[in-house]
Amino acid sequence: MQRVRLLVFNAALGALDYRVPDGMQVEVGSVVVAPLGPRQILGIVWEPERLKTQEVPEAKLRPLLEVMPVPPLPAELRRLIEWTADYYCASLAGVARMALGSTGALRGGGTTTEYRLTGAEPARMTPQRAAALDALQGEQGSIRELAELASVSEGVLRGMVGAGLLEAVLVDLDRPYPTPRPEHAPPDLNPGQREASDTLVAAVAKRKFAPFLLDGVTGSGKTECYFEAVAEAVREGRQVLVLLPEIALTENFLRRFEQRFGVAPVLWHSSRKASERRRAWRAIVHGQAQVVVGARSALFLPFADLGLIIVDEAHEVSFKQDDGVRYNARDVAVIRARFEQVPVVLASATPALESMQLAEAGIYTRIELPDRFGGASMPDIAALDLRKHPPERGRWLAPPVVEAMQQRLERGEQSLLFLNRRGYAPLTLCRNCGYRFQCPNCSAWLVEHRFSQRLACHHCGHEVPAPETCPDCGTADCLVACGPGVERIADEVAEIMPEARVAVVTSDTLGNAEAVNAFVAAAEEGAIDVIVGTQLVTKGYHFPELTFVGVVDADLGLEGGDLRAAERTYQQIAQVAGRAGRGEKPGEVLLQTRHPEASVIAALAAGDRDSFYTAETSARRDAGAPPFGRWAAIIVSSEDQAEARDVARAIGGRAPDAPDIVVFGPAPAPMALLRGRYRFRLLINARRSAELQRTLREWLDPFDFPRSVRVNIDVDPYSFV
Ligand code: ADP
Ligand code: ZN
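Residues numbered from 1 in each chain as written. Chains lettered and ligands numbered in written order. Predicted model: local features only at pLDDT ≥ 70, side-chain atom pairs only at ≥ 80, totals over all residues. Heavy atoms only, no water.

A.B. asks: Help me understand the site of ligand 1, please; the structure alone is not making it clear to me.
C.D. replies: With respect to spatial proximity, 15 residues lie near ligand 1, and among them Asp188, Gly219, Lys222, Glu224 and Arg256 are the closest. In the model, an oxygen atom of ligand 1 is placed 2.6 Å from a nitrogen or oxygen of the Arg256 side chain. With 3 residues, helix α8 (residues 222-235) is the largest single contributor of residues to the shell around ligand 1. When grouped by side-chain class, the residues that make up the shell around ligand 1 number 3 nonpolar, 7 polar and 5 charged. (Near = heavy atom within 4 Å. Polar contact = N/O pair within 3.5 Å; in protein donor to acceptor, adjacent residues only side chain to side chain. Helix = DSSP H or I, 4+ residues; strand = E, 2+ residues; numbered from the N terminus. Nonpolar A, V, L, I, M, F, W, Y, C, P; charged D, E, K, R; others polar.)

Okay, here's the thing in structure tokens:
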């Protein structure tokens, strides 16, 4: 009799043993269905010696029910899953779940019915029909998906099917993707780019683990260079994974990829519709999808024959996942490349300090692109001391910034104002009684959004209509907005330069692909004079007529003062400055600040990246912070404040007594209340010599926490709230 051990998709159960019935073919890595009590459960067949569980006598083993018709998960991926769970103190089941698509994807095959417009004119027009006819041009999908797209009810669309306005089409769920064509439109690389791309291409051909830091200034052509490595992998028939930090950047990337390779890559992210995700997942496991572009969740996909991994904008903090499995996709990408024995390229103009250090140590090969492509010069950055150049009363833009924008407007060039704050104002209060609008679920003020006339919490989504009277003292017309958000800056620009065409760019306004495309098209056509945006506009975009960037509050990111505040500020401002002067005309950048002497601001103004990295490196070394030491956080939360505090104290009371580990806290978290849960934090600082993960496990495992309490471990944390 053959017995197998399964990793099952239930963190509490861990591993379970089963019997393989006669005639069933299973291997290590097979995805199977097994009985669990009266229910069924999905599992992956694992090496029994690598998964601990209680031995069950043979007579008691129940038989597997079914093997899913997909290739077994390769050993390299199984090792990656184990490594990730171990390093981040997460459950194997939680990590393994990220590798599998939906159950539908596992079964595969078959067809589905989708609908599209026929082009016929309606005999009877209604406002809903008109909206649907407008919204569904060129779209195809299930009735439910189309209803969502067009914001009409499914009933309206069914009526349109009956009226011959929509027709059904039978779609093969597994239809293959077109193959990218390496010779479609290769660029003419300059000598520096050629050297960089040759190195990467050679590494792809070698089929060995090789980590690269592609360190090139903004506009140097990093994308063009790594595209050549992608082309090489495609020529060899191997697969490529490109990780991007944000969905908002994918539209831009897709266009460039299509220009270079003639077809679009396969897109992977959680907000795609189910049928597309399923099709993509199956094409990836069968090796049919050659180039896959995705957000961090694409990292664990079971590629059949991976040949190269790219992490673009590798310094971005959004590669760190802060719920569920708290992993850093940039770091795990390098580990995956090692298990798969393939090259990995971390591309950035402002590499993370950790990456710089690894390059310095010779572990990563650094490839530099020090110049902008096509002779464009780096923008001229200057600090603007707000104490010497105060804005007018009630305004936020200093006179030199206003003047710079007016000049650009006269010359038909574009300006970009950067402020990393959505909405109109971050705080609203009552002039009469001092009442402040606070979120009932979070330790946060409600942010006024004038476009939607609401006050919203950016942490939990709580919203109320903007009130006319103070809810506390009842006075009318007494509410004042405090501080600026991008909407308020846009209003100010409109007042100062009424003829300017202003676009506000935030996740509120660029929520989907259509909106992103419309914005990019308008900016490229010169139909926008001033862009006011949050961090969404700091990277990726290339608008040749954009010659002025104003940073509204360069000090904003330094306020929290957490471990990475200086680095994040440096990166964000260097990236947004990098949008200026990418064409033939030189760019100018003004940083509004109250602390021009701060080392970050001074380094930016001096264009002296090295001095920033040197100062930051020695500060980190002194603090024993990454990459010289390591941090981990334990976050305890409960709806009951006393309960959360007691558990946090109990954990703190049994803190390990080790020479290479220091424990701080517990203390109430800066976000002491988040989504209705009270939070306490402990921070652990470890020397590199410490066995951090083992210490954490041995410390926390003996506890039996009440179900109402959540205890999360965050290894290498990025968020300190
Ligand atoms: P980065 O990612 O380093 O900021 P990009 O790859 O976006 O730089 O390149 C900046 C711009 O210069 C893009 O519009 C790109 O198409 C163009 N470019 C870079 N290198 C070349 C080249 N060799 N030939 C033609 N255009 C190039
Ligand atoms: Zn909230």
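A.B. asks: Before we go on, may I ask you to explain the coordination of the zinc ion (ligand 2) in this structure?
C.D. replies: The textbook angles at a metal center are 109.5 degrees for a tetrahedron of four donors and 90 or 180 degrees for an octahedron of six. Bound to the zinc ion (ligand 2) on the protein side are Cys439 (SG), Cys442 (SG), Cys457 (SG) and Cys460 (SG), at distances that span 2.2 to 2.4 Å. One way to put it: the 4 donor atoms around the zinc ion (ligand 2) meet at angles of 102 to 113°, and that makes the site tetrahedral. Look at where the donors of the zinc ion (ligand 2) fall in the sequence and you get C-x2-C-x14-C-x2-C. (Donors = N, O, S within 2.8 Å, 3.2 Å for Na, K, Ca; no water. Tetrahedral: all angles 85-135°; square planar, octahedral: opposite > 155°, others 65-115°.)

A.B. asks: Which parts of the structure should I look at to understand the sheet that holds strand β5 (residues 66-67)?
C.D. replies: Backbone hydrogen bonds are what pair the strands of a sheet, in a parallel or an antiparallel way. Taken together, 5 strands build an open sheet; the order of strands is β2-β1-β4-β3-β5 and the sheet is antiparallel. Bordering the open sheet on either side are β2 (15-19) and β5, each of which pairs with just one other strand. In this structure, strand β3 (residues 31-36) lies alongside strand β4 (residues 39-46), joined through 6 bridges in antiparallel fashion. Paired with Val33 across the bridge in β4 is Leu42. (Pairing = 2+ DSSP bridges.)

A.B. asks: Any chance you could explain the side chain of Glu643 here in plain terms?
C.D. replies: One can find Glu643 in helix α19 (residues 641-653). Arg677 provides the closest opposite charge to the buried, salt-bridge-free Glu643, at an N-O distance of 6.8 Å. Leave out the neighbours within four places in its chain, and Glu643 touches Ser638, Pro706, Ser708 and Val709. (Buried < 20%, exposed > 50% of the residue type's maximum accessible area, 1.4 Å probe, protein only. Lys, Arg positive; Asp, Glu negative; His and termini not counted. Salt bridge = Lys/Arg side-chain N within 4 Å of Asp/Glu carboxyl O. Contact = heavy atoms within 4.5 Å.)

A.B. asks: What exactly am I supposed to notice about the packing of aromatic side chains here?
C.D. replies: To describe a pair of aromatic rings, you give the distance between the ring centres and the angle between the ring planes. Throughout the structure, instances matching the rule amount to 18 aromatic pairs. Ring centres of Tyr87 and Tyr88 lie 4.8 Å apart, and the angle between their planes is 75°; this geometry places the pair in the edge-to-face category. As far as burial versus exposure is concerned, Tyr87 and Tyr88 are alike and both buried. Ring pairing ties together the aromatic residues Tyr226, Phe227, Phe253, Phe257 and Phe261, which thus form one cluster. Here Arg279 stacks its cationic end above the ring of Tyr177, 3.9 Å away from the centre of that ring. Above the face of the Phe339 ring, Arg338 is positioned so that its terminal group lies 5.5 Å from the ring centre. (Phe/Tyr/Trp six-rings, centres within 6.5 Å; stacked < 30°, edge-to-face > 60°. Lys NZ or Arg CZ within 6 Å of the ring centre and 35° of its normal.)

A.B. asks: Looking at this model, I keep getting lost on the sheet that holds strand β12 (residues 306-312). Mind explaining?
C.D. replies: In space, the 7 strands of this open sheet follow the order β10-β11-β9-β12-β13-β8-β14, with parallel pairing throughout. Two strands bound the open sheet, and with one partner strand each, they are β10 (266-268) and β14 (365-369). When strand polarity is set aside, the average angle formed by the axes of neighbouring strands in this sheet is 20°. One ladder, built from 6 bridges, connects strand β8 (residues 210-216) with strand β13 (residues 343-348); its direction is parallel. Residue Pro211 lies in a different strand from β13, and its bridge partner there is Val344. Across the sheet, helix α7 (residues 191-206) lies against β8, β12, β13 and β14, angled at about 150° from β14, the strand it touches most. Most of the contacts of helix α9 (residues 247-261) go to strand β11 (residues 291-294), to which it runs at about 160°, and overall it touches β9 (239-243), β10 and β11. (Axes fitted to C-alpha atoms, helices over the stretch in contact; angles between N-to-C directions.)

A.B. asks: I would appreciate a short explanation of the pairing of β3 in the present structure.
C.D. replies: If a strand is regular, its side chains alternate between the two faces of the sheet. Burial runs high along β3: 6 of the 6 residues are buried. Taking every second residue as pointing to the same face, both faces of β3 are buried, with Val31, Val33 and Pro35 on one and Val32, Ala34 and Leu36 on the other. Here 2 bridges tie β3 to β5, and the two strands are oriented antiparallel to one another. Across the sheet, residue Val32 finds its bridge partner in β5, namely Val67.

Interpretation in functional terms is not warranted from these geometric data alone.
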